[in-house]
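Spelled out from the first residue to the last, the chains are:
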Amino acid sequence: MPIVSSYNDRIRPLLDAVDSLRHLKIMQEGIQLPTIVVVGDQSSGKSSVLESLAGISLPRGQGICTRVPLIMRLQNHLSPQPEMFLEYKGKIVPTDERHIAHAIVVATEEIAGKGKEISNSPLTLIVKKKGVPDLTMVDLPGITRVPVHGQPADIYEQISKIIMEFITPEESIILNVLSASVDFSTCESIRMSQQVDKTGQRTLAVVTKADKSPEGLLEKVTADDVNIGLGYVCVRNRIGDETYEEAREEEAKLFETNPQLSKINKSMVGIPVLAEKLVKIQATIIVKCLPEIVRKINDKLSANIEDLNKLPKHLNSVAEAMTTFMHILGSAKESLRKIILQGEFDEYPDSAEMHCTARLAEMLNQYSTDLQSKKYVDNDPKKNFLLDEMKVLEETKSIGLPHFLPRAAFLTLLQQKVMDVSMIPFEFVDKIWSYLGDVVVSVLLRHCDNYPQLLSCTRRAAKNLIDKKHQQSIECVKDMVEMEKLTDYTCNPEYMASCNKLMSRQDEFIKIVNGLGWNIQIDGFGLINVSHLHGKGSVVDAFDVKMRMTAYWDIVLRRMVDSMALHLTFSIQNLVKKEMQTEIIDELIGPQGNSLERMLEESPSVAEKRTKLEKSIKLLKESKNVVANIMDRVVDNFD
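What you see is a predicted model, and the numbers here were worked out from it, not measured in a lab.

Participant: I would appreciate a short explanation of the overall build of the protein in the present structure.
Facilitator: Along the backbone of the protein there are 19 helices and eleven strands. Relative to the globule expectation of 26 Å for 639 residues, the C-alpha radius of gyration of the protein, 45 Å, shows a markedly less compact shape. Structurally, the protein occupies a C-alpha span of about 140 × 65 × 55 Å along its principal axes. Taking all 639 residues of the protein together, the buried fraction comes to 48%. Residue pairs in contact within the protein that sit at least 24 positions apart in sequence constitute 78% of those at least 6 positions apart. Summing over all exposed atoms, the protein offers an accessible surface of approximately 31,800 Å²; the carbon and sulfur share of this is 52%. Looking at the protein, you have 78 positive and 88 negative side-chain charges, and the mean spots of the two groups are 1 Å apart.

What follows is the structure, given as structure tokens:
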């Protein structure tokens, strides 16, 4: 007689679907499947329970018998002739009831080695046999704390890691095998399952060896001190050479006649009850999880197809390569136009360094501030007021009428002031082009990311162009500095207005100096001590030169800022709109260029990614077909 049959006809299609998904290795895509996971301390009787459910003999012996995750797929088979085979490492190995235990040992040794080490690579056992329940379970190595001879010192940690990997997903049902002879609360398997299932809502306990320790078992399973939410089932292990039919008969007799065990509710005893519970729980969890599995498959499939479409097109000719390259260059040019010229940074919302218009404006403002900080060559313009001017006037005087200001004096002072600030614009252009170089290279490399063959030539072309633009700016600064040193000229009316305002204090200033006064307040300078000027000659001329230079120097500094702003704006615009494209094309297809031909060779990283995505998409499509064929039947059968 079959152990259980009421659900088999309805559960089989569901199980086949889940088993097909498992066979397709859908879990490698991060999609968990509903699974009954069998755990238990070593010697808890785990193997005996599985043997009774499957009606076959599993490997026995001292120490750990299960050294790899054993996926047991039980299928009720109408034919009286059982079919059994193992699947592992891409192989299918047929076997039979007589040789099944040996075949499992051989397969385990091939997976985990001939010693006593364990492995997390699974071994699948398919059992098609008349009367077995339609179940798929994963049997895991028994928990042992103390390594025996030949086992690694960290055997407990290795086993724990495998067990936690399987029982942690919410889709897993934990079948916790406990020996009737032990205190359940001390079992390591209970401690592990409680870590991931504190309420016990997905844990079912099967208590073995009930015939060996019947005393107090009723109290243990009814008190439920360890939170077993799905309940307990007490069973008797098969003894000696008993057939499975004989073992079931003896088990039924035990729970009917034993004084202590007969008091346990009949819904909590026997292998048939366990099989029925497992089948129903399995059906429930599959029906519950299937819609979410479908959603995850669809989401993952859509994401992978999108990622595949983002990969570069495989190119078959130089013409295709050129077309693709020009598209890349056009996209990069548009990105640079947006971030450098237009101030649009939607492509880099969180990267402040790529918000170029703002950064360039900051650098220009800082350049202006640096120039203004050098407005007065001496540290304190109020100290030794007019002495520099008087000294220059003394050295540039010539035979002629008095109080005619020599132009050489003004130019000498102007040249000194220009030289004192001359390094600031050079440092400014260095900073500007270093920054722009980083931005241009970053944008170009991002757009070339799918074609690593272009990276080196693109980087080289960008660096060469930035170096050229940098040198052009240096020449511009040189010219600007030399022009400012060469002559004194402005048509800016502010010069005369400022000069007249400053010169309006000349008479008062001279009176104070001649009257041996000490201080005078002058706009732009503050309170000036003039005691050092008492008795000095050329004070009138020196004051005249000082005020004219002060008015003119403001114009010079603003002109140096304006000139650089206009030069850089013009230079950057030319770079983005014309020169970058020309430079990169010359680098790509010039005499030394072979990057177009190299674009035809797909890079190993892209090829590997493409292969991985195509394999994943194929798997997910097959998985989608598997679940699509079963969804309608799920609703009809389990409403």
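Participant: When you look at the packing of aromatic side chains in this model, what are you seeing that I'm missing?
Facilitator: Each aromatic ring pair is summarised here by two numbers: the centre-to-centre distance and the angle between the ring planes. All chains considered together, the criterion is met by six aromatic pairs. Considering the side-chain rings of Phe-184 and Tyr-232, the 6.1 Å spacing of their centres and the 20° angle between planes classify their relative orientation as stacked. With Phe-184 in the loop between β7 (172-179) and α5 (188-196) and Tyr-232 in strand β9 (residues 232-234), this residue pair connects regions lying 48 residues apart in the sequence. Assigned by exposure class, Phe-184 and Tyr-232 land together as buried. Seen from their ring centres, Phe-385 and Phe-509 are 5.9 Å apart, and the 65° between their planes marks the pair as edge-to-face. Placement of the pair is Phe-385 in the loop between α10 (356-373) and α11 (387-396) and Phe-509 in helix α16 (residues 506-514), with a sequence separation of 124 residues. Neither residue differs from the other here; Phe-385 and Phe-509 are each classed as buried. Each member of the aromatic cluster is reached from another via a ring pair, and the members are Phe-385, Phe-509 and Phe-543.

Participant: I tried to follow empty space enclosed by the protein on my own but got confused; where do I start?
Facilitator: Empty space among the atoms can be located by rolling a probe the size of a water molecule over them. Under the counting rule described, the total for this entry stands at five cavities of 30 Å³ or more. In this model, the second largest cavity occupies a volume close to 70 Å³. Around the second largest cavity, the lining residues are Ser-52, Arg-236, Arg-238, Tyr-244, Ala-247, Arg-248, Glu-251 and Ile-271. The leading source of residues in the lining of the second largest cavity is helix α7 (residues 244-257), at four residues. Taken together, the residues of the lining of the second largest cavity sort by class into three nonpolar, one polar and four charged.

Participant: Where do I start with unusual backbone geometry in this structure?
Facilitator: A negative phi holds for most residues other than glycine; trans holds for most peptide bonds. A positive phi angle, close to 50°, is found at Asp-224, a residue other than glycine. Summarising the element assignment, Asp-224 is placed in the loop between α6 (217-223) and β9. Residue Asp-224 is classed as partly exposed on the basis of its relative accessible area, which comes to 24%. Of note, the phi angle at Leu-386 is positive, near 75°, even though the residue is not glycine. Its location among the elements puts Leu-386 in the loop between α10 and α11.

Participant: Mind showing me how you'd approach the environment of Met-27 here?
Facilitator: As for its position among the elements, Met-27 is in the loop between α1 (8-23) and β1 (35-40). Residue classification places Met-27 among the partly exposed residues on the basis of a relative accessible area of 32%. When the C-alpha atoms of Met-27 and Asp-507 are compared, they prove to be 95 Å apart, with 480 residues separating the residues in sequence. In contact with Met-27, not counting residues within four places along its chain, are Arg-22, Gln-32 and Leu-33.

Participant: In this structure, what is going on with the sheet that holds β9? I would like to understand it.
Facilitator: By way of backbone hydrogen bonds, the strands of a sheet pair with one another, either parallel or antiparallel. Ordered in space as β4-β3-β5-β2-β6-β1-β7-β8-β9, the nine strands form an open sheet in which the pairing is mixed. In the strand order of this sheet, the two ends are held by β4 (91-95) and β9, each with one partner. Between one strand axis and the next, the sheet turns through 25° on average, direction left out of account. Of the strand pairs in this sheet, β1 and strand β6 (residues 135-139) are connected by three bridges, and their pairing is parallel. Along β6, the bridge assignment pairs Val-38 with Asp-139. Helix-sheet contacts for α5 involve β1, β7 and β8 (203-208), and the interaxial angle to β7 is about 155°.

Participant: Sorry, what's going on with the layout of surface pockets here?
Facilitator: Considered as a void within the structure, the largest pocket measures approximately 820 Å³ in volume. As for the largest pocket, its lining consists of 28 residues, of which Arg-22, Lys-25, Gln-28, Ile-71 and Pro-122 are closest to the centre. Those elements giving two or more residues to the lining of the largest pocket turn out to be α1, β2 (70-76), β3 (83-88), β4, β5 (123-129) and α4 (155-167). With three residues, the single largest contributor to the lining of the largest pocket is α1. Broken down by class, the residue content of the lining of the largest pocket amounts to eleven nonpolar, nine polar and eight charged.

Participant: Even after reading the chapter, I still don't get the nonpolar core, so can you show me in this structure?
Facilitator: As a rule of thumb, soluble globular proteins bury nonpolar side chains together. By size, the foremost hydrophobic cluster in this structure holds 91 residues, and its most contacted members are Ile-340 and Phe-509. Counting residues per element, this core draws most heavily on helix α17 (residues 539-589), at 23 residues. One finds Leu-50, Ala-107, Leu-204 and Ile-285 within the second-largest nonpolar core, a separate group that totals 66 residues.

Participant: It is not clear to me how α17 should be interpreted in this structure. Could you clarify?
Facilitator: The end-to-end C-alpha distance of α17 is 70 Å, a good match for the 75 Å that 51 residues give at a rise of 1.5 Å each. Along its length, α17 reaches its greatest deviation from straightness, about 50°, at Leu-575.

Participant: Would you take a moment to explain the pattern of salt bridges for this structure?
Facilitator: When their charged atoms lie close together, side chains carrying opposite charge are able to pair. Under the defined criterion, the tally for this structure stands at 31 salt bridges. Of the charged contacts, one joins Lys-310 and Glu-306 as a salt bridge, the two residues approaching to 3.6 Å between their closest N and O atoms. Note that Lys-310 and Glu-306 are positioned in helix α8 (residues 271-310) at a spacing of four residues, about one turn of the helix. Lys-310 gets classed as exposed once you look at its relative accessible area, which sits at 53%. Among the salt bridges present, the one from Glu-334 reaches Arg-337, with a minimum N-O distance of 2.6 Å. Linking Glu-334 with Arg-337, this pair stays in helix α9 (residues 318-342), spanning three residues, or about one helical turn. Arg-337 gets classed as partly exposed once you look at its relative accessible area, which sits at 27%. Through salt bridges that share partners, Lys-338, Asp-346, Glu-347 and Arg-446 make up one connected network.

Participant: Looking at this structure, how should I read the confidence of the model for the protein?
Facilitator: Residues shown with low pLDDT carry predicted positions that ought not to be read at fine detail. For the protein, per-residue confidence averages 86 on the pLDDT scale, and 92% of positions sit at 70 or higher. Of all secondary-structure elements in the protein, the lowest mean pLDDT belongs to helix α18 (residues 595-599), at 66, while helix α13 (residues 423-447) reaches the highest, 95.

Participant: Where do I start with the environment of Gln-471 in this structure?
Facilitator: Along the polypeptide, Gln-471 turns up in helix α14 (residues 455-486). Overall, the relative accessible area of 40% leaves Gln-471 in the partly exposed class. For the pair Gln-471 and Asp-134, spaced 337 residues apart in the sequence, the C-alpha separation amounts to 80 Å.

Conventions adopted
- Residues numbered from 1 in each chain as written.
- Predicted model: local features only at pLDDT ≥ 70, side-chain atom pairs only at ≥ 80, totals over all residues.
- Heavy atoms only, no water.
- Helix = DSSP H or I, 4+ residues; strand = E, 2+ residues; numbered from the N terminus.
- Rg over C-alpha atoms; globule rule 2.2 N^0.38 Å.
- Buried < 20%, exposed > 50% of the residue type's maximum accessible area, 1.4 Å probe, protein only.
- Contact = heavy atoms within 4.5 Å.
- Areas by Shrake-Rupley, 256 points an atom, 1.4 Å probe, with all protein chains shown as cover.
- Lys, Arg positive; Asp, Glu negative; His and termini not counted.
- Charge placed at Lys NZ, Arg CZ, Asp CG, Glu CD.
- Phe/Tyr/Trp six-rings, centres within 6.5 Å; stacked < 30°, edge-to-face > 60°.
- 1 Å grid on protein atoms, 1.4 Å probe; cavity = no way out; pocket = protein on both sides within 12 Å on 5 of 7 lines; lining within 4 Å.
- Points joined across faces, edges and corners; volume = space filled by probe spheres on them.
- Nonpolar A, V, L, I, M, F, W, Y, C, P; charged D, E, K, R; others polar.
- Pairing = 2+ DSSP bridges.
- Axes fitted to C-alpha atoms, helices over the stretch in contact; angles between N-to-C directions.
- Core = buried A, V, L, I, M, F, W, Y, C linked by side-chain atoms within 4.5 Å.
- Expected span 1.5 Å × (residues − 1).
- Bend = angle between axes of the 7 residues up to and from the residue.
- Salt bridge = Lys/Arg side-chain N within 4 Å of Asp/Glu carboxyl O.
- pLDDT = per-residue confidence, 0-100.

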